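Here is what each chain is made of, one letter per residue.
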Amino acid sequence: MPDMSRMQGRARCVRACLTLLSFVVLFLLLQPATLRAQPTPVRAASETQLALRKLTVLGSALYVGAHPDDENTAMLAYLSDERLLRAAYLSITRGDGGQNLIGTEQGEMLGLLRTQELLAARRIDGAEQFFTRAIDFGYSKTPAETLSIWGREQVLADVVWVIRRFRPDVVITRFPTTGEGGHGHHTASAILAVEAFRAAADPARFPEQLRHVETWQPKRLMWNSFRPQLENRKPDAPKLLTVDLGAYNALLGKSYTEIAALSRSMHKSQGFGSAERRGSALNYLEHLAGDAPVREDFFEGIDTSWRRVRGGEQVGQILEEAARTYNPANPQATLPLLVRAHAALARLPDGDVWVAVKRRELLDVIRACSGLWLEAIAADFNATPGGEIKINTTLVNRSDFPLRLESVGLPFDAPAKTVGAELKNNQPVRTELALRIPADAPFSQPYWLRDAQTRGRFSVAEQTLVGTPENAPTIPVTLNISTGGGETLTFETPVLFRWTDRVRGEQYRPFEIVPPVVVNLAERTYVFPEQRAKPVSLLVKSNAANVSGQLRLQLPGGWRATPETIPVNLKNRGDEFNATFNVTPPADASTGTLAAGFDAGGRRFSRSMQSLDYPHIPLQTTFPAAHARLVRFDIARRGRNLGYVMGSGDEIPEALRQLGYSVALLSDHDLDSADFGAFDAIITGVRAYNTRPRLRQQQGRLLDYVERGGTLVVQYNTDDLALTNLGPYPFKLSRERVTVEESPVAFALPEHPLLLSPNRISAADFENWIQERGIYFASEWDARYQTPLAANDPDETAKRGGTLYARHGKGAYIYTGYAWFRQLPAGVPGAYRLFVNMIDAGK
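A quick note: this is a predicted structure, and the numbers were derived from the prediction, not measured.

Reading guide: rules and limits
- Residues numbered from 1 in each chain as written.
- Predicted model: local features only at pLDDT ≥ 70, side-chain atom pairs only at ≥ 80, totals over all residues.
- Heavy atoms only, no water.
- Helix = DSSP H or I, 4+ residues; strand = E, 2+ residues; numbered from the N terminus.
- Buried < 20%, exposed > 50% of the residue type's maximum accessible area, 1.4 Å probe, protein only.
- Contact = heavy atoms within 4.5 Å.
- Areas by Shrake-Rupley, 256 points an atom, 1.4 Å probe, with all protein chains shown as cover.
- Lys, Arg positive; Asp, Glu negative; His and termini not counted.
- Charge placed at Lys NZ, Arg CZ, Asp CG, Glu CD.
- Core = buried A, V, L, I, M, F, W, Y, C linked by side-chain atoms within 4.5 Å.
- Pairing = 2+ DSSP bridges.
- Axes fitted to C-alpha atoms, helices over the stretch in contact; angles between N-to-C directions.
- Phe/Tyr/Trp six-rings, centres within 6.5 Å; stacked < 30°, edge-to-face > 60°.
- Right-handed = clockwise from strand over helix to strand, strands pointing away.
- Expected span 1.5 Å × (residues − 1).
- Polar contact = N/O pair within 3.5 Å; in protein donor to acceptor, adjacent residues only side chain to side chain.

1. Structural notes on the overall build of the chain
Then, in step 1: If you tally the helices and strands in the chain, you get 19 helices and 41 strands.
Then, in step 2: Over its C-alpha atoms, taken along the principal directions, the chain stretches across nearly 90 × 85 × 55 Å.
Then, in step 3: For the chain, the residues scored as buried account for 57% of the 843 residues in total.
Then, in step 4: The long-range fraction of contacts in the chain, counting pairs at least 24 apart against all pairs at least 6 apart in sequence, stands at 75%.
Then, in step 5: In the structure as shown, the chain presents an accessible area of about 34,000 Å², 48% of it carried by carbon and sulfur atoms.
Then, in step 6: Distance between charge centres in the chain, computed from 96 positive and 92 negative side chains, equals 2 Å.

This is how it looks when you write it as structure tokens:
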């Protein structure tokens, strides 16, 4: 007979997870998409006054662009804090395909970083944040290519979903549909916005969404026109509306352009630190679709009062009075009116989106007027499924208004804890809780990274997750607070972990559910340039106590690992074990995937754990599969010692070490005084001349090194260099690029040394490249440079400025814009072979 207790326990877990899922769905549909990994701060008195005014305005605007950084942050701040609208930015992608100025993250991890940078920006400019499932696959020159790779209909469905969910009165595009935005992603974002503007109102389009939302027709669609367009506008062109984004907000003590600079400066991975601009800053809006405004107001004809909610006039009157009588020196005096408004809101229909939005905003203002501090702090920063976590909640009412904590609720079918404690002025009330995590609770993996993705789109099965910027809190806590008049206020706060850093002070991080065991490989790619065994190191970490099992590798055919298994015993939570296998490749060329796994108690654990830890964003953790790429190919090389000048961050030094090179990372002090003659070649990393001022100062030393017989390989830099001698002879950088990674590469000088020695390069060496061929090619160069390679995107002329080669004295100088920083870490054999030829060019 079946084990009834086990079946009952499994049923309880299912009910618990369904309860959590229903909360997540409600949370994602009704909450603003700007979660923060710290307790929500209490607003200052002047900010509360602004929030009170905003409670009386029921209007919304959605701004649409393609990437993180495309948004007009001044416009978002103006919409939110001047017009008091509910504003949001829809970024079609998460910026996964861009470059990284502050670290080595690429792809999914870069997208995660830029997601959090956008959320940090929104916390400053006051807007909300949405995404689609589209992946930033790199620069695209045409919207046709972009929409083909993304999947036009699928991403259009996501834009329609966001419009139906957010219900904007006005949609604003960052870019035009006619291509002036340059990047194919930019133009595609505008095309999708125009199509979705109509499709969102059509019940025949994407009807499956209507189980969760209703159709919606925005009033009008506008384009935030580029200023240069004003000079060449045709007489019959649509009228432009003018908006002054330099207006000053006395309650915030800043203009919207000043706020915008702070917001935009959160895009640190893109190096978008911005100066704060003061004074008038005119922007222009061009009507694209819907009702055309007659006067100078893009919200003309849109009712933004409480009259748009059936039965809402009474709520509006109460809130108008609260805003009119608010005294910043005595905020708590406004609380009776706000509690009345809360009671009146409760009598309105739950299905109205504005009721849910304003209830949330009202609770935030009640918190501000009472100075109410809420927090839920876990005893540790993570737990495993089936584990238990201790949680302490703290509430502090910093007003004389009568409040009483009635109960504290937890997810997973845990019973609410009755408290019944008065919240006296400035007297903390603490509650201790214990929560058992269900055995089948999912890990805290970013939802869009849970399943396999295509080249152009993330896979997200749950409709209600589409568009949201990040996961809902792993553990939400519900705090039920009664007022003196009998009204119940329900607040929600996420469980966090708090600690004190001796330098940065009080710090928070999200609480996470993690695998019992994780296995981290030392490298994501292992390159075997010869048929000789290579050590593969792994770190096994336990997130639970008393974990024992066997560590093993799964290898493709022809590959061998010794030993076959390694026993591991981890007694304490947090214990780590370093293991090493010797992996032997086959004799012939081969590529495949190495999969590491830990077998314990009849279960296999095959997840790694990676963290993003930057001071301007909350700490982020992901659990990708414990996989690495294996690459076996033959390669010849000469020399051994390399100097590397790291730029904005890349993984090429480790890739070169896998070939057997000794790679020294050169500091600024080394650039001043090191003996360059000790190196067979010196390589500058991506954007090194943009990010290392000392490098520009010591360019003369580097060119002297070349003249004496050295080799200098300069990888791509952006074209904003204040440097006239990037090479021994003049050349100019441009923004030219070859974006299609499959584009053929022609040998313009087939007998050139770079193509012959020590590895003979063929067309096969340009197969299986990723994302792009190259960027920031040279556009003009001195006749003394040789250009052995030529490439171009479809329907374009050949570009020969991707690699410049010149002899200088006894040595060789090379500038190369080809995307080695992507190819080498990805283990592309041909990229390795040609890169080694560049290193050996001076020989």
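2. As for the environment of Val64
Then, in step 1: Position of Val64 among the secondary structure elements: in strand S1 (residues 60-65).
Then, in step 2: If we ignore the near neighbours within four places in the chain, the residues touching Val64 are Tyr89, Leu90, Ile92, Val171, Ile172, Thr173, Arg174, Ser189 and Ala193.

3. Details of the environment of Asp704
Then, in step 1: Looking at the secondary structure, you find Asp704 in helix H16 (residues 699-707).
Then, in step 2: It is 9.4 Å that separates the C-alpha atoms of Asp704 and Pro728, two residues lying 24 residues apart in sequence.

4. A few points about the nonpolar core
Then, in step 1: Counting residues in each nonpolar core, the largest one holds 74 residues, and the members touching the most others are Leu656, Tyr813, Tyr815 and Trp820.
Then, in step 2: If you tally residues by element for this core, the top one is helix H19 (residues 829-839), at 7 residues.
Then, in step 3: By size, the runner-up hydrophobic cluster in this structure holds 58 residues, among which are Leu52, Leu423, Val495 and Ile513.

5. As for the sheet that holds strand S6 (residues 240-244)
Then, in step 1: The strand order across the open sheet built from 7 strands is S3-S2-S1-S4-S5-S9-S6, with neighbouring strands paired in mixed fashion. Each of the sheet's edge strands pairs with one partner strand only, and the pair in question is strand S3 (128-131) and S6. Each adjacent strand pair in this sheet contributes to an overall mean axis angle of 30 degrees, direction not counted.
Then, in step 2: When S6 meets strand S9 (residues 282-290), the two strands line up antiparallel, connected through 5 bridges. Note that in S9 the partner of Thr242 across the bridge is Tyr284.
Then, in step 3: Taken strand by strand, helix H4 (residues 107-125) contacts strand S2 (86-91) and S3, and its axis lies near 155 degrees from that of S3.

6. Re the side chain of Thr464
Then, in step 1: Tracing the sequence through the fold places Thr464 in the loop between strand S15 (429-436) and strand S16 (476-483).
Then, in step 2: A residue is classified by how much of its surface remains accessible, and Thr464, at 1% relative accessible area, is buried.

7. Notes on the packing of aromatic side chains
A ring pair, where both rings are aromatic, is described by two values, the distance of the centres and the angle of the planes.
Then, in step 1: With the rule as written, the count across this model stands at 25 aromatic pairs.
Then, in step 2: With 5.7 Å between their ring centres and 70 degrees between their planes, Phe381 and Phe497 make a pair best called edge-to-face. Here Phe381 is found in the loop between strand S10 (373-378) and strand S11 (382-383), whereas its partner Phe497 is found in strand S17 (residues 488-501), with 116 residues between them in sequence.
Then, in step 3: The partly exposed category is assigned to Phe381, whose relative accessible area is 25%.
Then, in step 4: The exposure class assigned to Phe497 is buried, which follows from its relative accessible area of 16%.
Then, in step 5: Ring centres of Phe731 and Tyr813 lie 6.5 Å apart, and the angle between their planes is 50 degrees; this geometry places the pair in the tilted category. In this pair, Phe731 is assigned in strand S36 (residues 731-733) and Tyr813 in strand S41 (residues 811-816), connecting sequence segments 82 residues apart. Take Phe731 and Tyr813: they sit in the same class, and that class is buried.

8. Re the side chain of Gln771
Then, in step 1: Structurally, the position occupied by Gln771 is in the loop between helix H17 (753-756) and strand S38 (778-781).
Then, in step 2: Using a relative accessible area of 16% as the deciding quantity, one classes Gln771 as buried.
Then, in step 3: Dropping the residues within four chain positions of it, Gln771 is found in contact with Gly97, Phe137, Gly138, Thr739, Glu741 and Arg822.

9. Quick look at the pairing of S3
Then, in step 1: Neither face of S3 is left uncovered, since the one carrying Glu128 and Phe130 and the one carrying Gln129 and Phe131 both have all their residues buried.
Then, in step 2: Strand direction decides the pairing type here: S2 and S3, joined by 4 bridges, are parallel. Bridging from a neighbouring strand, Ala88 pairs with Glu128 of S3.
Then, in step 3: In this fold, S2 hands off to H4, which returns the chain to S3; that crossover is right-handed.

10. Side note on unusual backbone geometry
Then, in step 1: Of note, the bond from Thr562 into Pro563 is cis; its omega dihedral lies within 30 degrees of zero at -5 degrees.
Then, in step 2: Position of Pro563 relative to the elements: it lies in the loop between strand S24 (560-562) and strand S25 (565-570).
Then, in step 3: Look at the link from Ser757 to Pro758: it is a cis peptide, with omega at 0 degrees.
Then, in step 4: Note on placement: Pro758 falls in the loop between H17 and S38.
Then, in step 5: Even without a glycine there, the phi angle at Leu84 is positive, about 60 degrees.
Then, in step 6: Within the secondary structure, Leu84 sits in the loop between helix H3 (73-81) and S2.

11. Comments concerning helix H11 (residues 353-370)
Then, in step 1: With 18 residues, H11 ought to run about 26 Å at 1.5 Å a step, and its terminal C-alpha atoms sit 26 Å apart, in line with that.
Then, in step 2: In terms of burial, H11 is a largely internal element, 16 of the 18 residues being buried.
Then, in step 3: The backbone nitrogen of Trp354 lies 2.8 Å from a side-chain oxygen of the residue at the head of H11, namely Asp352.
Then, in step 4: One or two positions beyond H11, positive phi appears at Gly371, with a value near 65 degrees.

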